[in-house]
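Summary of structural features
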Amino acid sequence: RFEKSGRVFLDAGMNPMRAEWFNWIGDATLDLEYEGPEVPRQKVAASVMWHDPAGETNHNQGDLKPGVHYAAYEGNGWRVLPDFSRLTTVAEGVATNFSVTYRTREENCGLAFNGFIQIGHPGVYTFYLTSDDGARLYTGKPSVSCEVIAPPARAMLAPEGFEQAMADRGGHPWIEIEGEVAFVSQNLRSLEIEMSVGGHHVPVTVVEGMELFSTNLLHRWIRVGGICEFSRDPEAKKLAGIFVPGAQQVKIYSSAEGARDYSSNELLRTAAQVRRLKPEEAGKHIPSKIRGVVIYATSTAVVLQDSSGGVFISSRVGGWAEQPGLGELWEIEGTTDPGDFSPVITADAAKFLGDVAFPEPIRPTRDQLMNGNLDAEYVELHGVLTAVSKAELTLLTSDGKVTVVGINDRPLPKLPTPVPGGGSLVGSVVRIRGCAATLVDLQTRQVTPGKIFLYPALVEVEDAPPSDPFVLPTRKASDLMWFDARASALQRTKVAGQIIYALPGQYFILDGGTGFRVLANDAPSLRTGDMIEAVGFPKLGGPSPVLQAAQIRKTGHAVLPDPVQVNSERLLERNRDSTLVQVEALLISDTVHQDEQVLELQKGPQHFVARLKSDPRTWTLLPAGCRLQLTGVYASADEDQDNVGATLAPFELLLNSSASIVVLQQPPWWTIRRAITAMAALAGALGVTFIWVALLRRKVEERTAQLKQEIEERQLVEQHHAVEQERSRVAQNLHDELGAGLTEVSMLGSLANTPAIPPETKERYLNQLTQTARSLVTSLDEIVWAVNPHYDSAASLASYFSLFAESFLNLAGIACRLRVVDDIPEYPLDSKLRHGIFCAFKEALNNVIRHSGATEVQLVFEVVGEQLVLSVIDNGRGFEFVSGSPGKDGLIGLCQRMQQLGGDCQIASQPGHGTKVEFHLPLSGVQNGQSRNC
């Protein structure tokens, strides 16, 4: 709940007034009070509030009515006062006061009040507006307005680039920039955006940008045009922001590398447009016109950087008419080319525009440098100079090492004069600024990892190495983990402690109860137990602090402290890293790897590895199953795997000597060797058993051969009998199906050949003969289908029935609809079974045609449980079915036929509602089922 107040001069009479209010969640409050000449502070009374029913602002006082007009709105997730002009009104009316009672719901709602306030005495009035989540009040006549009354007399000047505007810093230039959206937020009716442009973070305000708020702009690549505003403080020389009028000046791309198909006629105006071209696109020689600062220059090539990045430009004729210089602003026209690594421009014309300041350098991460994304960009490296040679210098940055290489045309950065006394700059904290170039294999076009060019470059020594680094105050290792607002990864720090484990270039140090690691390439001969002081640069974020690029000196020697006992519950605590611990565990295996003994151990559910470096001649491998007590240094496996040994375990134990291993319990008596001996004895007994079994098997095989011969003879007799039965059945079918038809064909042929019969009768006989012959062909096809073994499956049954039904019903003018499931199993059905169910199916279709009067028949083939279900459903007249009633012999025959096949038939019908006939055939074996409905 908060109160806002404002003062305004009001004339006597009617003054326009508008109040807006919204509530997000929770409590809702709205109060409006005012005071002025001869008016003490009080609520705005209903007697001074008026409105025009016609909604006009140019009112006639005689047309006004008491009260103010209100409109209610609803939304979702409002955090600030919305733009009500873009919302739909859900309720409206006339209000007698400013109150939340007019809202339509408790939360995510808003109100807008419009009308006039009657002022008796002119003067300055103060209004007090109280709300919970947000409200605002407009009253009085507007004193300032803006209206476009005519188009501009001349065209606008071409927009400036970001770098040109930064160099001029004069007036309020109109500029166009493009970059990635790093942050976006709504502010009343405007949109606040932070763009990442060539290493700069540029604040952008889209004044009328509400329509963009629903667009997901975060991490999108956009191009904006607007007015550039600089800080009013001349000493600050800082960009205050870019003000974009509206969404029309914002162009959104899918990404920086978005696939925009540049045609050969589209002029590219920024380095980013050139850089994100694919090689095949750059090979189209697209015209380009780039304006930027020269950050690299030779007699034949330059690197030009604008607000969007840098691009390599070569001279087409092999030289410049006027040599560009570093820090100069140039405009270069040319065409694109794929280049050796990234797209480049081949220059046709160049124009000098003036001297400007170098762009603000990008301060990249190591990954950004290594993947080649910052090729041809002005960058700054900040790190510790750890090594210098004629061809390379190495920097230790806050997130890793970077190697700068030099060649003849791109030499190494020139280092400043060494510190007084002739000392080396190795160990200095330096800043190097220059044009970055990626080291690339020209044959494979692959980046050489870990190395870059940086030329031309300037080197600033930020912190030279002290003549005696050990004069720094000593810090506790535990203090390194505390918050320090002045701390950084490149702050020279001195710590002290005792070496508890030593590896080449890496030492595990214990300071009190806190462990840390020290990385040093040049260190005196040190061993476990030595007390040391180390000066280096701390790296935090891991399980324990790491001191990098350290200098070490020995201060004494002492016995190692007592280790910390660690149980299985505390075994994975990361704060144990680089400390001396003692663990009891079960030995799984003991192996030799290169020059170290590797013990795989288990403690509770955890598996881990212990490593011991010692003379191979002293190694004594331990038997698996021992219970051991190990004293060593706890080393998290995710911290420098190359030095402590690669393993999938979460940590390792680093052992200093064989005395660090104590056998608490030998493996049990029942060992693998004894188990093998027992297994050998059992194997002998089993061998004797196998011999006896082999003799018995021989007798069984002889008897089996005799039985097999007898079975084969019986099978031949049964097969012969089955063939005879099948032949008899086929003959009977041929006789039944074709005999009568062939007799009819013969009679019709004889009648057609009788001279005494009139031609009209002969034609009728011939047509009948044709129909009979077709019927015989169909019957023959059915018999052949039933006999053919290729169709002995439920799936082929459904396919044949579907084709037959469509043909049979179409001849009768009845529509046929099929529904066949996709997963009918390939269950084998013999010819007798298929022919029997086909006859029943055909009889059902014949009954539909002859008796139902149906116009449509639906056939359904599906598998229900272990049964194939075939349904014939018609939309005919139906009937009252009573088993055994006269005239229903055909239906009884259907049921009996299905019972003989091992299935059943179900019939359902009602007069006027059609008939449904279902045939059920078991798929898991022929069963003697009984019809439930017949």
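Just so you know, the residues in each chain are numbered from 1, in the order the chain's sequence is written. pLDDT decides what is reported in this predicted model: residues at 70 or higher carry local features, side-chain atom pairs at 80 or more are listed and counted, and totals for whole chains, interfaces and linings draw on all residues regardless. Neither water nor hydrogens contribute to the side-chain values; these are computed over all heavy atoms in the structure.

A closer look at the overall build of the protein chain
Here a strand is any run of E in DSSP of at least two residues, a helix any run of H or I of at least four, and the numbering for each starts at the N terminus. From N to C terminus, the protein chain includes 10 helices and 45 strands. Type-normalised accessible area, obtained with a 1.4 Å probe on protein chains alone, sets the label of each residue: buried when under 20%, exposed when over 50%, and partly exposed for intermediate values. The buried share among the 934 residues of the protein chain stands at 42%. Once local pairs closer than 6 in sequence are excluded, the contacts in the protein chain between residues at least 24 apart make up 65%. Only the protein chains shown count as cover for residues, and the accessible areas themselves come from Shrake-Rupley with a 1.4 Å probe. Carbon and sulfur atoms provide 52% of the accessible area of the protein chain, an area that totals close to 50700 Å². Contacts between residues were defined by any pair of non-hydrogen atoms, one from each residue, lying within 4.5 Å.

A word on the sheet that holds strand β21 (residues 328-337)
Spatial strand order, β18-β19-β20-β22-β21: 5 strands in a closed barrel with mixed pairing. Within the sheet, the average angular offset between the axes of one strand and its neighbour, ignoring direction, is 50°. For two strands to pair, DSSP has to find at least two bridges joining them. Sheet topology note: the strand β18 (residues 287-297)/β21 ladder contains 7 bridges and is antiparallel. Within β21, the residue paired with Val-293 across the bridge is Leu-329. Angles run from 0 to 180 degrees between N-to-C directions of axes, and those axes are lines fitted to C-alpha atoms, restricted for helices to the stretch in contact.

As for the pairing of strand β43 (residues 867-874)
Buried residues dominate β43, accounting for 6 of its 8 residues. Here strand β42 (residues 856-864) pairs with β43 via 8 bridges, running antiparallel. Looking at β43, one finds that Gln-858 is bridged to Ile-873. Counted along the chain from β42 to the antiparallel partner β43, the turn is 2 residues long, and its residue Gly-865 has a positive phi close to 65°.

So, a nonpolar patch on the surface
Exposure above 30% relative accessible area and no salt bridge define the residues that can form patches, which grow by joining like charges within 9 Å and nonpolar side chains of Val, Leu, Ile, Met, Phe, Trp and Tyr within 5 Å. Whenever Lys or Arg places a side-chain nitrogen within 4 Å of a carboxyl oxygen from Asp or Glu, that contact is recorded as a salt bridge. On the surface, Val-207, Ile-227 and Phe-243 cluster together into a nonpolar patch covering about 230 Å² of accessible area. Take Val-207: it is sitting in strand β14 (residues 200-208).

What to know about the side chain of Arg-136
Mapped onto the elements of the fold, Arg-136 is located in strand β11 (residues 134-139). Two N or O atoms form a polar contact when they lie within 3.5 Å of each other; inside protein one atom must be a possible hydrogen donor and the other a possible acceptor, and for residues adjacent in sequence the pair counts only when both atoms belong to side chains. A distance of 3.0 Å separates polar atoms of two side chains, one belonging to Arg-136 and the other to Tyr-138.

Comments concerning helix α9 (residues 831-852)
Multiply 1.5 Å by the residue count of a helix minus one, and that product is the helix's expected span. Between its first and last C-alpha, α9 extends 30 Å over 22 residues, near the 32 Å set by a 1.5 Å rise per residue. Within two residues after α9, Gly-853 carries a phi angle of roughly 65°, on the positive side.

Quick word on the sheet that holds strand β41 (residues 815-820)
One open sheet accounts for 5 strands, arranged β41-β42-β43-β45-β44; its pairing is mixed. Only two strands of the sheet have a single neighbouring strand rather than two, namely β41 and β44 (904-909). For this sheet the average axis-to-axis angle between neighbouring strands, irrespective of direction, equals 15°. As judged from the 8 bridges shared by β43 and strand β45 (residues 915-922), these two strands associate in the antiparallel manner. Bridge pairing in β45 links Ile-873 to Lys-916. With respect to the sheet, helix α8 (residues 794-811) is in contact with β41, β42 and β43, its orientation differing from that of β41 by roughly 165°. Docked against the sheet, α9 engages β42, β43 and β45, running at close to 15° with respect to β43.

Thoughts on the nonpolar core
Nonpolar core, defined: a set of buried Ala, Val, Leu, Ile, Met, Phe, Trp, Tyr and Cys residues in which side-chain atoms within 4.5 Å join the residues together. The biggest cluster of nonpolar side chains holds 38 residues, and the ones touching the most others in it are Phe-801, Phe-841, Leu-845, Leu-859, Val-872, Cys-905 and Phe-919. The set of elements that each furnish at least two residues to this core consists of α8, α9, β42, β43, α10 (889-900), β44 and β45.

A word on the packing of aromatic side chains
For Phe, Tyr and Trp, where Trp contributes only its six-membered ring, two rings pair if their centres lie within 6.5 Å, and the inter-plane angle classes them as stacked under 30 degrees, edge-to-face over 60, or tilted in between. Counting across every chain of the model gives 14 aromatic pairs. Taking the centre distance of 6.3 Å and the plane angle of 20° together, the rings of Tyr-34 and Tyr-125 count as stacked. Of this pair, Tyr-34 sits in strand β3 (residues 30-36) while Tyr-125 sits in strand β10 (residues 123-131), and the two are 91 residues apart along the sequence. In this pair, the class of Tyr-34 matches that of Tyr-125, namely buried. Among the aromatic residues, those joined into a cluster by ring pairs are Tyr-70, Phe-98, Tyr-102 and Phe-113. If you follow Arg-410 out to its NZ or CZ, it ends over the ring of Tyr-296, 5.2 Å from the centre. Put simply, a charge is over a ring when the Lys NZ or the Arg CZ is close to the ring centre, within 6 Å, and near the line of the ring normal, within 35 degrees. Lying over the aromatic face of Phe-453, Arg-410 brings its terminal NZ or CZ to 5.7 Å of the ring centre.

Side note on α8
A rise of 1.5 Å per residue sets the reference length of α8, with its 18 residues, at 26 Å; its end C-alpha atoms lie 26 Å apart and thus fit the reference within 8%. Turning to α8, its buried residues are Ala-794, Ser-796, Leu-797, Ala-798, Tyr-800, Phe-801, Ser-802, Phe-804, Ala-805 and Leu-809. After α8 finishes, the residue Gly-813 shows a positive phi value of roughly 75°.

Section: the confidence of the model for the protein chain
Scored from 0 to 100, pLDDT reflects the predictor's confidence in each residue. The predicted model of the protein chain has a mean per-residue pLDDT of 81, with 83% of residues at 70 or higher. When the elements of the protein chain are averaged for pLDDT, helix α5 (residues 641-644) gives the smallest value, 45, and strand β7 (residues 68-74) the largest, 94. Between residues 639-646, whose pLDDT stays under 50, and residues either more than four places distant or in other chains, the model counts 24 contacts. Taken together, the stretch residues 926-934 has pLDDT below 50 and engages in 26 contacts with residues farther than four places along the chain or on a different chain.

Section: the pattern of salt bridges
Scanning the model with the defined rule gives 33 salt bridges in all. The partner of Glu-331 in a salt bridge is Lys-289, with the nearest N and O atoms 3.9 Å apart. Residue Glu-331 is found in strand β21, and its partner Lys-289 is found in strand β18; the two are separated by 42 residues along the sequence. The buried category is assigned to Glu-331, whose relative accessible area is 14%. Of the charged contacts in the structure, one is a salt bridge between Arg-570 and Glu-573, with a shortest N-O distance of 3.3 Å. The partly exposed category is assigned to Glu-573, whose relative accessible area is 26%.

Quick word on the environment of Leu-385
Note on placement: Leu-385 falls in strand β23 (residues 377-388). For Leu-385 and Val-426, which are 41 residues apart along the polypeptide, the C-alpha to C-alpha distance reads 5.2 Å. Once residues within four sequence positions are removed from consideration, Leu-385 is found in contact with Leu-393, Thr-394, Leu-395, Leu-415, Leu-425, Val-426, Gly-427 and Ser-428.

Side note on the packing of α8 against α9
When two helices pack together, their arrangement is given by the angle between the helix axes and by the axis-to-axis distance. Viewed as axis vectors pointing N to C, α8 and α9 meet at an angle of 25°, and their least axial separation amounts to 11 Å. On the basis of their axis angle, the class for α8 and α9 is roughly parallel. Between α8 and α9 lies a crossing whose hand is right-handed. Facing Leu-797, Tyr-800, Phe-801, Phe-804, Ala-805, Phe-808 and Leu-809 of α8, the residues of α9 in contact are Arg-834, Ile-837, Phe-838, Phe-841, Lys-842, Leu-845, Asn-846 and Ile-849. Just so you know how the angles are binned, under 35 degrees is roughly parallel, over 145 roughly antiparallel, 65 to 115 roughly perpendicular, and the rest oblique. Take the far helix as the reference: if the near one is turned anticlockwise from it by less than a right angle, the crossing is left-handed, and if turned clockwise, right-handed.

Quick notes on the pairing of strand β12 (residues 174-187)
Sheet topology note: the β12/strand β15 (residues 221-230) ladder contains 7 bridges and is antiparallel. Residue Ile-177 lies in a different strand from β15, and its bridge partner there is Val-224. Pairing analysis gives 7 bridges linking β12 to strand β13 (residues 190-197), with the strands arranged antiparallel. Looking at β13, one finds that Gln-186 is bridged to Leu-191.

Looking at the environment of Lys-284
Tracing the backbone through its elements, the reader meets Lys-284 in the loop between α3 (279-282) and β18. Taking the C-alpha atoms as reference points, Lys-284 and Asp-337, 53 residues apart in sequence, are found 7.5 Å from one another.

Looking at unusual backbone geometry
The residue after Tyr-455, namely Pro-456, is reached through a cis peptide bond having omega -10°. By secondary structure assignment, the location of Pro-456 is in strand β27 (residues 446-463). The residue Ala-376 is not glycine, and still its phi comes out positive at about 65°.

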